[in-house]
Amino acid sequence: MSGETDLQRLLNEMSPILAEREYVYCTVVGDAALWLALEPIGTFREAEGMTLILERSKADAAGLSYGPVLRLITLSVHSALEAVGLTAAVSAALTRAGVSANVVAAYYHDHIFVPTADADRSLAALHALSRGNS
């Protein structure tokens, strides 16, 4: 099933949902299977190491260092990977709200990691964008 590509429909139907848990980005080296046991919700392999996106509690339990503590906002609309403009529109709305954002596109949805302190403001900005008030 292919996702939506029409930008206006994506914005109108994005229905952002804020997850309760806190997440962090960590970088690790070595056997990937060892790190996958931590059940990261995202990974990316770079020349310097593997990035893990995981629950803060799991990073703490594993003794991993990390940067900012983040909250996850999922856009519940099924966006196509080839859709044009959704990431730009979301980034622009969060920029206007003064929020840094890390966007991860997955097969069905786009996911935005924002600083914990900015989570509610970010959600409000995305709801306003969806209503055409941004």
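The structure reproduced in this document is the subject of the present report. Quantities reported herein were computed from a predicted structural model and do not represent experimental measurements.

Turning our eyes to something else, we now look at the pairing of strand β5 (residues 102-105). As defined by bridge partners, β5 adjoins strand β6 (residues 110-115) across 4 bridges and the pair is classed as antiparallel. When the sheet's bridge partners are listed, V103 is paired in β6 with I112.

At a closest axis distance of 9 Å, the pairing of helix α4 (residues 86-96) and helix α5 (residues 119-130) adopts a crossing angle of 125 degrees. One element, α4, and the other, α5, form an angle in the oblique class. For the pair α4 and α5, the crossing hand works out as right-handed. Facing α4, whose interface residues are A89, V90, A93 and L94, α5 presents S122, A125, L126 and L129. Among the residues making up the contact of α4 with α5, the classes are represented as 7 nonpolar, 1 polar and no charged.

Cut-offs and rules
Residues numbered from 1 in each chain as written. Predicted model: local features only at pLDDT ≥ 70, side-chain atom pairs only at ≥ 80, totals over all residues. Heavy atoms only, no water. Pairing = 2+ DSSP bridges. Helix = DSSP H or I, 4+ residues; strand = E, 2+ residues; numbered from the N terminus. Axes fitted to C-alpha atoms, helices over the stretch in contact; angles between N-to-C directions. Parallel < 35°, antiparallel > 145°, perpendicular 65-115°, else oblique. Left-handed = near helix turned anticlockwise from the far one by under 90°. Contact = heavy atoms within 4.5 Å. Nonpolar A, V, L, I, M, F, W, Y, C, P; charged D, E, K, R; others polar.

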